[in-house]
Amino acid sequence: MQSASIPPTTPRNRIARGDCIRMMQQLANDSVDLVVTDPPYLCRYTDRSGRTVANDDNDAWLRPAFREIHRVLRRDGFAVSFYGWSAVDRFVAAWREAGFSVAGHIVFRKRYASSTRFLRYEHEQAYLLAKGRPTPPHQPIGDVIDWPRATGNRRHPTEKPVEILRPLIEAFSAPGDVVLDPFCGSGSTLAAARDVGRDFLGIELDPAHFQTARTRLGLQS
Ligand SMILES: C[S@@+](CC[C@H](N)C(=O)[O-])C[C@H]1O[C@@H](n2cnc3c(N)ncnc32)[C@H](O)[C@@H]1O
């Protein structure tokens, strides 16, 4: 079953390479069913081997990207956005300015610390954002989700496990819907969407991560 409101021109099961703000400008209003995304956390992340994340050192993209995300999301739809807790004020301001209301907050409980300073930092976090007045899911999921394992970040310096993404996609979309991740990295959201019978649309700026995602989703020519 597909949402009748989504235009037939919306690309499906594709990954685009480039700046998501410009790429989303090519999509029609109200043209995707769900957004699940993991944007840069605005924390100047560097892993042990020196890998960084593009645009993690500036927020020039933040407001325009979420304006586009809100525009392309269908009316009365949901977006789930991970975010960096140290920049929560900037994320919340950008979401509200774009027109989203806050519908929930999700904590992902890790069994290990990503880093340690003032605390042992043992969770990730995302907001559930609403455009308009979406219908609540038939069976709402809990807002604390166990992080099943360290991914090892083999594909990407901040790779998310697909196991935490699948229940979000199942709760907030229907089979055949189009799920957009405009900061798709190695394609974890896209793989999770495909696993649960949704179509996907990914955008990634970094050519190496774009290629990783394409290979992962079997889109190599
Ligand atoms: C936190 S990572 C996503 C990781 C992903 N969830 C995974 O599991 O692989 C954010 C991604 O957004 C990409 N990015 C940053 N700015 C972007 C932009 N303007 N347009 C598209 N992608 C962008 C980065 O290259 C990075 O791969």
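The structure under discussion appears in the preceding block.
Rules behind the numbers
- Residues numbered from 1 in each chain as written.
- Predicted model: local features only at pLDDT ≥ 70, side-chain atom pairs only at ≥ 80, totals over all residues.
- Heavy atoms only, no water.
- Buried < 20%, exposed > 50% of the residue type's maximum accessible area, 1.4 Å probe, protein only.
- Helix = DSSP H or I, 4+ residues; strand = E, 2+ residues; numbered from the N terminus.
- Pairing = 2+ DSSP bridges.
- Right-handed = clockwise from strand over helix to strand, strands pointing away.
- Near = heavy atom within 4 Å.
- Polar contact = N/O pair within 3.5 Å; in protein donor to acceptor, adjacent residues only side chain to side chain.
- Areas by Shrake-Rupley, 256 points an atom, 1.4 Å probe, with all protein chains shown as cover.
- Nonpolar A, V, L, I, M, F, W, Y, C, P; charged D, E, K, R; others polar.
- Axes fitted to C-alpha atoms, helices over the stretch in contact; angles between N-to-C directions.
- Contact = heavy atoms within 4.5 Å.

## Structural notes on the pairing of strand E3 (residues 73-82)
- Among the ten residues of E3, eight are classified as buried, and the element is accordingly described as predominantly covered.
- By the bridge criterion, five bridges tie strand E2 (residues 32-37) to E3 in an arrangement that is parallel. Across the sheet, the residue bridging to Val-36 is Val-80, located in E3.
- Crossover handedness for the path E2 to helix H2 (residues 62-72) to E3: right-handed.

## Observations concerning the site of the ligand
- Inspection of the region around the ligand gives 23 residues, with Asp-38, His-156, Ser-186, Ser-188 and Glu-204 positioned closest.
- Note that a nitrogen atom of the ligand is positioned 2.9 Å from one of the side-chain N or O atoms of Asn-55.
- Between the ligand and the protein, one listed contact pairs an oxygen atom with a side-chain N or O atom of Ser-188 at 2.6 Å.
- Relative to its unbound accessible area of 610 Å², the ligand is 99% covered by the protein chains.
- For the shell around the ligand, the per-class residue count stands at nine nonpolar, eight polar and six charged.

## Details of the sheet that holds strand E4 (residues 101-109)
- Taken together, eight strands build an open sheet; the order of strands is E1-E10-E9-E2-E3-E7-E4-E8 and the sheet is mixed. Looking along the sheet, the strands with just one partner apiece sit at the ends: strand E1 (14-17) and strand E8 (144-146). Adjacent strand axes in the sheet meet at a mean angle of 20° when their direction is disregarded.
- Strands E3, E4 and strand E7 (123-130) of the sheet are contacted by helix H3 (residues 88-98), whose axis makes an angle of about 15° with E7.
- Each of E1, E2, strand E9 (178-181) and strand E10 (199-204) is contacted by helix H5 (residues 188-195), which is oriented at about 175° to E10, the strand it contacts most.

## Let's talk about the side chain of Glu-159
- Following the sequence through the fold, Glu-159 ends up in the loop between E8 and helix H4 (162-172).
- A polar contact of 2.8 Å, which involves the side chain of Glu-159, links it to the side chain of Arg-155.
- Apart from the residues lying within four places of it in its own chain, the contact partners of Glu-159 are Thr-151, Asn-153, Arg-154, Ser-186, Ser-188 and Arg-216.

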